[in-house]
Amino acid sequence: MTTRVAARAVGLTKAYGQGEARVVALDDVSVELEAGRFTAIMGPSGSGKSTLMHCFAALDSPTDGQVFLGEDELGRLGDKRLTELRRDRIGFVFQSFNLVPTLTAQENILLPLAIAGRKPNQEWFDHVIDTVGLRTRLSHRPNELSGGQQQRVACARALAGRPEVIFADEPTGNLDSTSSDEILQFLRHSVDELGQTIVMVTHDPLAAGYTDRIVFLADGRVVDEMLEPTSDLVLDRMKNLDARLPSEA
Amino acid sequence: MLRASWKSLWARKIRLLLSTFAIVLGVAFVAGSLVFTATLDRAFTSIMNGTVGDVMVRPAGQKANEAFAQTRTVPASVVDQVRRVPGVARAEGDVSSYSTFVVGRNGKIVGGQGAPGIAVSYHDAPAGHGTPGLTVREGRAPQRSGEIAMDPATAKRADYRVGDTVNVVTSGRTPRLSARLVGLASYSAGSLVGASLVVLDPATAQQTYFAGRDVFTDVWVTAEPGHDQAALRKAVAQVLPPGTEVVTGDQAADEASDDIKDALSFISTFLLIFAGVALVVGSFLIVNTFSILVAQRSRELALLRALGASRRQVTRSVLFEAVAVGLVGSTVGLGLGFVLALGIKALFAQFGLDLSGTPLEFTPRAVVAAYVVGMLVTGLAAYLPARRASRVAPVAALRDDVAMPEATVTRRALGGGLMVLAGVGALLWVLTGDRTRETYWLGAGLLGVILGAVLMSPVVGRPVIRGIGLAYRRTFGAVGTLAEQNSLRNPRRTAATASALMIGLALVVMMSVFGASATRSVDVLIAKNFTGDYVVSGTFGTPFSPTVTDQARGVPGVEAVARTRFTQAQIDGDRTGIGAVDPKPLTQVARIDVQQGSLDRLVGKTVFVTDKAAKDKGYRLGDQVRITLGGVTTPMRVVAVVKSTPALLDVTTTIAGYEAAGGPHQDNYAFVARAPGADEAQVRAGLERITAGIPTVAVKDQDEFAAEQRRPIDQMLTLIYALLGLAVVIAVLGIVNTLALSVIERTREIGLLRAVGLSRRQLRRMVRLESVVIAMLGAVLGVVIGIGFGIVLQRSQSGAGVAELAIPWGRIWLFVLLAAAVGVLAAWWPARRAARLDVLRAIATD
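Residues numbered from 1 in each chain as written. Chains lettered and ligands numbered in written order. Predicted model: local features only at pLDDT ≥ 70, side-chain atom pairs only at ≥ 80, totals over all residues. Heavy atoms only, no water.

(A) Just the overall build of chain B, in detail. On a plain count of helices and strands, chain B comes out with 24 helices and 24 strands. Across its three principal axes, chain B shows a C-alpha extent of roughly 95 × 70 × 50 Å. Burial statistics for chain B: of 846 residues in total, 55% are counted as buried. For chain B, contacts bridging at least 24 residues in sequence account for 82% of all contacts bridging at least 6. As presented, chain B carries roughly 35700 Å² of accessible surface, and 59% of it is formed by carbon and sulfur atoms. Looking at charge distribution, chain B has the averaged site of its 87 positive side-chain charges lying 14 Å from that of its 63 negative ones. (Helix = DSSP H or I, 4+ residues; strand = E, 2+ residues; numbered from the N terminus. Buried < 20%, exposed > 50% of the residue type's maximum accessible area, 1.4 Å probe, protein only. Contact = heavy atoms within 4.5 Å. Areas by Shrake-Rupley, 256 points an atom, 1.4 Å probe, with all protein chains shown as cover. Lys, Arg positive; Asp, Glu negative; His and termini not counted. Charge placed at Lys NZ, Arg CZ, Asp CG, Glu CD.)

Structure, rendered in structure tokens:
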């Protein structure tokens, strides 16, 4: 597997508030996310993992440092270009399923393409639909689908536009273990079979066990990394991480 | 509980203010109309009290300031008899006229647009209860022919000073007087509310108005100190000859001011109708606002329930908010009503009804009415949402997605459908035959249709939205689909918001259909029935001197001149109008379709009747009809039945019969036919030479005459459009409100759309398209209903002159386009707000 970089952060700092109330969510983070791999960002709550993902996904702008998607530096782009970038080059899967309630599953899946005014590639669409197993559910509205099905629709929506990177923010946070397992297998499958780049924020060691690489964050800094993880290894590492925290503070 | 209500009220103040606006407008109209009416009341009562003595003697059955004043008189001998009655200090004969106008230095009439031009004979007797009567303010009173006085305000408006030679036009035998202004005189009230006052010496007045006969319009009696009006009235009644009657000054003043107030009552009726429209439309806005507020707060309300608040407490907390909103709205509305009354006062000053001497009357009645109306409407409108709020289950506080319990849309639509059917039934029933209480049935029918349509609109609106949605998908793609789906998401809310616009537009379209029909009817009527070439008529619709008509006969090239007169009368006991014509020339200038009998037999005390009157009243050839004018009844024989046209009154007699019955010696119209071959320009110039010095009279050809007849319709329409425009403004605020709330409700969804790549522009467009859907829905339903209503109105008035139906399609299309523009405008603020939402925060919102 080549190690082309899909996105990277260089000296990324994100702070909220001013003066006394200043909170540093990300402190001089430099990290590379390789293309065609499934990367997890882990850390205890408040470690800055969601902020990091938001900065990568052009939803939030850094206070200092640079974020690159491919070769483009996000900080240089205006709102209009960022909107287009999100639409054309990035896919999202949120914790709460975040579908448009008035649209059917199919319309939701094709929404980013429709907004862009692009025609969907029928072959690709069929492939995605079959992979997520939603063929029979396409004309249903979100409130007629189960939580797992809704999240699969969200995944299909992220995949439909063949984005460079899919960002998933706790995608299994609201699901039972069976549905979680399905979603994670599906994401894994997308990486292996379709060559999709996926970055997932999670605090669940079981979920992290599906990935190729884990970046550990604590207090806004990259504190560790793990390749080819298993859930047991992750669990151990997380314990260590938690134990180390007081000494670092 | 109260504290919680207060806090929630404060937190939503802007939203509530928007819906309060409707209440403010409605209340302002109610209060403004009441304040203005009270002001008029006071103005006229104080004027009239100064223009009568302690007791007035007058021809029997005749009120003050009626047109017959110049034919029905009191003989001079009565004045002497009354003088001898014990307790009488003075008795003075009055001569008065209500169509005598001053020609200003610039050659134009002073006042005249609605306000009378009063002329009286001079005497200095005090008015009732010893208050000052007619008082000379400058110079002296007129004493002989060629001298005149007028009130200071008129002199100022005409730009005359004492010593100037002034011109006056009258509807009496002498159409035009020139005299020296010897003094300025006025009644105690000073202001005459825009009327002008001319004072002549008694002999000149009798010469001008009664051709020199020694008779009076009435007798002004002053009591000796210590005699009250009622007792003196009784004493005077003893000596009066038959045909005269005596009333107390107080009664005469009341009658006179009541008459004027009646004539002006259309103003308050008008304002109250618009208050009604504003309040109905406003209540929709309130129902909607509170429904949405309650829906938004459902979790909070459920929490209150979970914490032990009873259903009633929840209802009450919502109602409390409504009442507070009503209170604020009523207070602001009351203030605005006062301003509105000031505005109307200023507007009326433009038309010559000058109330500048009278301060606005701020009656307790207006204040009470403002608060009652404002708070009642708000409370009632908020009751439904408040009750629904109380039905939220306490457990909802713990659940994620709270849905408000909603009655099914179909059941309402069914009810609405029934109401529409009942309304249409009532309308058809009224239109297909002669019915009693026609107006009530019409009103009930229209109300039924519109309320039914409001209830049905969520269901009926669906295909309309689908249709617009189809166009949207084609044109705007995904953004269009989203907008369409959003408007279908809560059909009831969309429909309720659109309903406000629907009502406003339905009324606007109804009035424009009716107005266009009325205009067309006038044109058709004149083209069909008026075969003459010119019309001579009063410029303000006032009658003019018959001498003008006589002179017109002498103009070279004129073949025939037909004078026509009309006035109020009682015919067989019914109060109605009676017309009078010269039978012979009439057929040369107008087309009259005789169905029975012959106009040849129309001589002296005979009448012809319309076929409609013959059917309604059962008149037949040879029947006697009893014409009562100014208290005297004259029987006349029916000699012909003619086809009814809107130009003809039910009963028309001859000029001779009219004068014999006591009709005033004044002409209303003179129709002129040119001799064949006569030069058009010369005839017209000849006619205009006659009217040149009399600005109250003008010559018009057929087109000008038609234009003149159309003008009041156009003016009326403009006024109605302006007022209905307010209803549309309220509707726009409703759309703004609904959209703003939708944006807040869908914050997370908007964040999501932005996250997956919807640009700010696309987002704004989405909101705008949704707004246009609502506006177009209201417009389409409103136009359909409005055209229907316009047709109903035209049909119901076809007997009253609006015989032709005309639908002004161009104007209606303009309204629809305006509605779309209104939609775009209404979306501006909510769309901006939506576009400004921070994506991350929006996604994180619950």
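(B) Up close: the confidence of the model for chain A. Mean pLDDT over chain A: 85, with 95% of residues reaching 70 or higher. Here helix α8 (residues 231-248) of chain A stands out as the least confident element of chain A, with mean pLDDT 69; strand β8 (residues 197-201) of chain A is the most confident, with 93. (pLDDT = per-residue confidence, 0-100.)

(C) Spotlight on the side chain of B:N167. Residues and elements named next belong to chain B. If you trace the backbone, N167 turns up in strand β9 (residues 165-169). In terms of polar contacts, N167 uses its side chain to reach the side chain of S178, at 2.5 Å. Not counting residues within four places of it along the chain, the set of residues in contact with N167 comprises F101, V102, V103, Y160, R176, L177 and S178. (Polar contact = N/O pair within 3.5 Å; in protein donor to acceptor, adjacent residues only side chain to side chain.)

(D) How the structure looks around the domain arrangement of chain B. Residues and elements named next belong to chain B. Partitioning chain B into domains gives domain 1 (1-55 + 250-406), domain 2 (61-242), domain 3 (461-531 + 703-846) and domain 4 (546-693). In this assembly, nine residues from domain 3 lie in contact with ten residues from domain 4. Interface area for domain 3 against domain 4, summed over the two sides, is near 930 Å², with a carbon-plus-sulfur share of 56%. Linking domain 3 with domain 4 are one salt bridge. The set of elements that each furnish at least two residues to the side of domain 3 that touches domain 4 consists of α14 (491-529) and α20 (702-745). The class makeup of the residues in the side of domain 3 that touches domain 4 is three nonpolar, four polar and two charged. (Domains from an automatic or database assignment. Buried area = accessible area lost by both parts, 1.4 Å probe. Salt bridge = Lys/Arg side-chain N within 4 Å of Asp/Glu carboxyl O. Nonpolar A, V, L, I, M, F, W, Y, C, P; charged D, E, K, R; others polar.)

(E) Looking closely at the packing of aromatic side chains. Residue and element names in this part refer to chain B. Taken as a whole, this structure holds eleven aromatic pairs over all chains when the rule is applied. Plain terms: the ring middles of F530 and F705 are 6.0 Å apart, the flat faces sit at 65 degrees to each other, and that makes the pair edge-to-face. With a gap of 175 residues between them, F530 in the loop between α14 and β15 (534-538) and F705 in helix α20 connect regions that are remote in the sequence. The class of F530 is buried, set by a relative accessible area of 6%. Each ring, one from Y721 and one from F815, has its centre 6.0 Å from the other, and the planes form 70 degrees; the classification is edge-to-face. A residue pair is termed long-range when its members are at least 10 positions apart, and Y721 in helix α20 and F815 in helix α23 (residues 809-836) qualify at 94 residues. (Phe/Tyr/Trp six-rings, centres within 6.5 Å; stacked < 30°, edge-to-face > 60°.)

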